[in-house]
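Structural description and commentary
Chain residues, written in single-letter form:
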Amino acid sequence: MPESSPPSSTDPSADPSILAARTVLGEADIARALTRIAHEIVERNKGAADLLLLGIPTRGVQLARRLAERLAEIEPAFNGEYGTLDVTMYRDDLRRQPTRAVGQTVLPGSLDGTIDDKVVVLVDDVLFSGRTIRAALDALNDLGRPRVVQLAALVDRGHRELPIRADYVGKNLPTSRSERVRVRLADVDGGVDAVVISAASTTPASMTPASTGESGGAR
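Here is a short report on the structure shown in this document. (Residues numbered from 1 in each chain as written. Predicted model: local features only at pLDDT ≥ 70, side-chain atom pairs only at ≥ 80, totals over all residues. Heavy atoms only, no water.)

**Considerations on the overall build of the protein**
Secondary structure assignment for the protein yields 5 helices and 8 strands. In the protein, which comprises 219 residues, the proportion classed as buried is 46%. Entry remark: accessible area of the protein is about 10900 Å², with carbon and sulfur atoms responsible for 50%. (Helix = DSSP H or I, 4+ residues; strand = E, 2+ residues; numbered from the N terminus. Buried < 20%, exposed > 50% of the residue type's maximum accessible area, 1.4 Å probe, protein only. Areas by Shrake-Rupley, 256 points an atom, 1.4 Å probe, with all protein chains shown as cover.)

Printed below as a string of structure tokens:
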């Protein structure tokens, strides 16, 4: 890009909150990680029978869609369905941030609204404190009784506050608590897929990741 050209709005470097960020996963890296996770899911579960992917908004939903596409290629019997699991009302920080927008939980139509006896794989972009996943487990309790629940995360950055561990990880990324990890997906953010890490932002509290949906917040 010529030096005189202004930065693109879809370029992560155009966001002042992630200036000096370094890219730890590029587009090809993310694609390979998702393909590997899909194979690991099939291997661990001895196929894809009764398998249900549930993405946690926002980026977890797009990752679930991509995993579903890969699983359909690996296992022709897999119908490619996936769902969305909104955990907003199950979070333990609603008292501090009561203005969260409530999303929607959407299950594939073939399930008739139940997840009973299914192998549920929760899909999220960044695994941090584990509190988002705890909320997801509570949300699942209201939907039924799955046979087993597993967790797939594109990035595990550590700093767990609850005894929660991912079954499938795209990349383990050691970080300090002062750093921020952001997953950028073309489907959501425009531009190209990337995982970037940067120093703590000076963004006002009202625009922290927990309120904007950005990766790397109190999860």
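From this point, the narrative continues.
**Some details on the environment of Ile164**
Looking at where Ile164 falls in the secondary structure, it is placed in the loop between β5 (148-156) and β6 (168-172). Spatially, the C-alpha atoms of Ile164 and Ile133 are 7.8 Å apart, while their sequence positions differ by 31 residues.

**Observations regarding helix α3 (residues 131-141)**
Taken as a whole, α3 has its buried residues at Thr132, Ile133, Ala135, Ala136, Ala139 and Leu140. The arc that holds the buried residues of α3, viewed along the axis, is 155°, so those residues lie on one side. In the core, the buried residues of α3 are packed alongside β2 (51-55), β4 (119-127) and β5. (Arc of directions from axis to C-beta. Contact = heavy atoms within 4.5 Å.)

**Some points on the pattern of salt bridges**
All chains considered together, the criterion is met by 16 salt bridges. For Arg32, the salt bridge identified is with Asp29, shortest N-O distance 2.6 Å. In this pair, Arg32 and Asp29 both sit in helix α1 (residues 27-44), 3 residues apart, roughly one turn of the helix. Judged by its relative accessible area of 29%, Asp29 falls in the partly exposed class. Residue Asp187 pairs with Arg65 through a salt bridge whose shortest N-O separation is 2.3 Å. Pair noted here: Asp187 is in helix α4 (residues 186-189) and Arg65 is in helix α2 (residues 59-74), with a separation of 122 residues, a long-range link. Residue classification places Arg65 among the partly exposed residues on the basis of a relative accessible area of 21%. (Salt bridge = Lys/Arg side-chain N within 4 Å of Asp/Glu carboxyl O.)

**Considering the packing of aromatic side chains**
Scanning all chains against the criterion turns up 0 aromatic pairs. Arg157 extends its terminal NZ or CZ atom over the ring of Phe128, reaching a point 4.0 Å from the ring centre. (Phe/Tyr/Trp six-rings, centres within 6.5 Å; stacked < 30°, edge-to-face > 60°. Lys NZ or Arg CZ within 6 Å of the ring centre and 35° of its normal.)

**Quick word on unusual backbone geometry**
The omega angle of the peptide bond from Pro57 to Thr58 is 10°, so this bond is cis rather than trans. A positive phi is found at Lys46, a non-glycine position, where the angle reads about 55°. Relative to the elements of secondary structure, Lys46 occurs in the loop between α1 and β2. Lys46 gets classed as exposed once you look at its relative accessible area, which sits at 77%. With phi around 65°, His159 is a residue other than glycine that occupies positive phi space. Secondary-structure assignment places His159 in the loop between β5 and β6. Of the residues examined, His159 reaches a relative accessible area of 26% and is grouped as partly exposed.

**Remarks on the side chain of Arg157**
Mapped onto the elements of the fold, Arg157 is located in the loop between β5 and β6. Although buried, Arg157 forms no salt bridge, and the nearest oppositely charged side chain, Glu179, lies 5.5 Å from it. Among the polar contacts listed, one links the side chain of Arg157 to the backbone oxygen of Ser176, at a separation of 2.9 Å. A distance of 3.0 Å separates a polar atom in the side chain of Arg157 from the backbone oxygen of Glu179. (Lys, Arg positive; Asp, Glu negative; His and termini not counted. Polar contact = N/O pair within 3.5 Å; in protein donor to acceptor, adjacent residues only side chain to side chain.)

**Topic: the sheet that holds β2**
Strand order in this open sheet of 5 strands is β3-β2-β4-β5-β6, and the pairing throughout is parallel. With one partner strand each, in any of the chains shown, β3 (82-84) and β6 form the two edges of the open sheet. The sheet shows a mean angle of 25° between the axes of neighbouring strands, taken without regard to direction. Both β4 and β5 contribute to a ladder of 8 bridges, which runs parallel. Across the sheet, residue Asp124 finds its bridge partner in β5, namely Ala153. (Pairing = 2+ DSSP bridges. Axes fitted to C-alpha atoms, helices over the stretch in contact; angles between N-to-C directions.)

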